[in-house]
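Geometric and topological summary
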Amino acid sequence: SENDTENTQTEQNDTKEEEKVGEKKKSRSFFGKKKSDEEERLKKELEELDVKYKELNDRFLRLYSEFDNYKKRTNKEKLELLSTASEKVIVGLLPVIDDFERAIAANEKSEEVTAIKEGFVLIYNKLQQLLKRFDVEEIKAKGEDFNTDYHEAITHFPAQKEEDKGKVMDVTEKGYKIKDKVIRYSKVVVAN
């Protein structure tokens, strides 16, 4: 009976060991399954992120290419504009030149001074209209306060009156501006 008891205990111990081993196997397979599910989820997430990355990278490259093409196109347009910018002015001046040529030809035969003077005034007015069309205007100088933004003093002389000090008394060369940009400063005589 001792033998039976020992055998029973050994069997019970063996059974307990098998149960423990079975539990370990179960827990391993349980964790193994969890681990496998987690790996699958991470792989799937990685694939999705990779697809998103490729899509965003493709978008970026397309936008970069479009921007680069835009830059090249606008630079080309600017160069063309600069090379032909004077074309409008020249085309506007051609009728004035035609008028001068007709006036010169007519003045060779004419003895009438008043007609010649009127012709020059007409041509001058036509040229002034052309300048206005291109937003070119004369800088007012005579009698104005001297302003270095618009005037260039070529000489000074003593003022005869106190209120004339610092004022432009004479203009030797007219100044012009296009809109607010000075293209030629007025050369002036200033009273001190």
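No experiment lies behind these values; they were computed from the predicted model shown. (Residues numbered from 1 in each chain as written. Predicted model: local features only at pLDDT ≥ 70, side-chain atom pairs only at ≥ 80, totals over all residues. Heavy atoms only, no water.)

**Re the overall build of the chain**
Stated formally: Starting at the N terminus, helices and strands are each numbered in turn, a helix being any DSSP run of H or I of at least four residues and a strand any DSSP run of E of at least two. Burial here depends on accessible area, computed with a 1.4 Å probe over protein chains only, as a share of the maximum for the residue type. Under 20% is buried, over 50% is exposed, and the range in between is partly exposed. It only takes one pair of heavy atoms within 4.5 Å for two residues to be counted as in contact. In short, Shrake-Rupley with a 1.4 Å probe defines the accessible areas, and a residue's cover is counted only from the protein chains shown.
Within the chain one finds two helices and six strands. Listing every helix and strand of the chain by position from the N terminus yields α-α-β-β-β-β-β-β. Taking all 192 residues of the chain together, the buried fraction comes to 11%. Partitioning the intrachain contacts of the chain with sequence separation of at least 6 by distance along the chain shows that 62% fall at a separation of at least 24. Carbon and sulfur atoms provide 53% of the accessible area of the chain, an area that totals close to 16600 Å².

**Notes on the pattern of salt bridges**
The line we're drawing: Every case where a carboxyl oxygen of Asp or Glu lies within 4 Å of a side-chain nitrogen of Lys or Arg is listed as a salt bridge.
One pass over the structure, following the stated rule, counts 14 salt bridges. The shortest N-O distance in the salt bridge between Glu38 and Arg41 comes to 2.7 Å. Of this pair, Glu38 and Arg41 both sit in helix H1 (residues 2-109), separated by three residues, roughly a single helical turn. With a relative accessible area of 42%, Arg41 lands in the partly exposed category.

**Structural notes on the sheet that holds strand E5 (residues 181-184)**
What counts is decided by this rule: Note on pairing: DSSP must find at least two bridges between two strands before they are called paired. To get an axis, a line is fitted to the C-alpha atoms, and for a helix only the part in contact is used. The angle between two axes follows their N-to-C directions and goes from 0 to 180 degrees.
Read across the sheet, three strands follow the order E1-E4-E5 without closing on themselves; strand pairing throughout is antiparallel. Both outer strands of the open sheet, strand E1 (136-139) and E5, are each paired with one neighbouring strand and no more. For this sheet, the mean inter-axis angle between neighbouring strands, taken without regard to orientation, is 40 degrees. As paired strands, strand E4 (residues 175-178) and E5 are joined by three bridges and run antiparallel to one another. For Tyr176, the partnering residue across the bridge sits in E5 and is Arg184.

**A closer look at the confidence of the model for the chain**
Selection criterion: The predictor attaches a confidence to each residue, called pLDDT, with possible values from 0 through 100.
Mean pLDDT over the chain: 84, with 82% of residues reaching 70 or higher. Across the chain, strand E6 (residues 186-191) holds the top mean pLDDT of 94, while H1 sits lowest at 79. pLDDT under 50 marks residues 25-30. Its contacts with residues more than four places away, or in other chains, come to zero contacts.

**Details of the sheet that holds E6**
Ordered in space as E2-E6-E3, the three strands form an open sheet in which the pairing is mixed. Lying at the two open borders of the sheet, with one neighbouring strand each, are strand E2 (151-157) and strand E3 (168-173). Neighbour-to-neighbour, the strand axes of this sheet turn through a mean angle of 30 degrees, independent of strand direction. Looking at chain direction, E2 and E6 are connected through six bridges and run parallel. Among the inter-strand pairings, Phe157 is bridged to a residue of E6, identified as Ala191.

**Re helix H2 (residues 113-133)**
We count it as follows: Helix span, as expected, comes to 1.5 Å for every residue beyond the first.
Along its 21 residues, H2 runs 31 Å from first to last C-alpha, staying within 8% of the 30 Å computed at 1.5 Å per residue. Remark: Asp135 follows H2 within two positions and exhibits a positive phi of approximately 60 degrees.

**Looking at the packing of aromatic side chains**
Test applied: Whether two aromatic rings pair depends on their centres lying within 6.5 Å, for rings of Phe, Tyr and Trp, where Trp uses its six-membered ring; planes under 30 degrees apart make the pair stacked, over 60 edge-to-face, and the rest tilted.
Tallying each qualifying case throughout the model produces two aromatic pairs. Both rings, one in Phe100 and one in Phe120, keep their centres 6.3 Å apart while their planes meet at 50 degrees; by these two values the pair is tilted. In this pair, Phe100 is assigned in helix H1 and Phe120 in helix H2, connecting sequence segments 20 residues apart.

**Topic: unusual backbone geometry**
Look at Asp135: it is not a glycine, yet its phi comes out positive at around 60 degrees. Of note, Asp135 is situated in the loop between H2 and E1. Notably, Lys179 is not glycine yet its phi reads approximately 55 degrees, a positive angle. Tracing the backbone shows Lys179 in the loop between E4 and E5.

**Side note on the pairing of E4**
Alignment of E1 against E4, held across four bridges, turns out to be antiparallel. By the bridge assignment, Glu138 is partnered in E4 with Tyr176. Hairpin connection, E4 to E5: the antiparallel pair is bridged by two residues, and Lys179 has positive phi, about 55 degrees.

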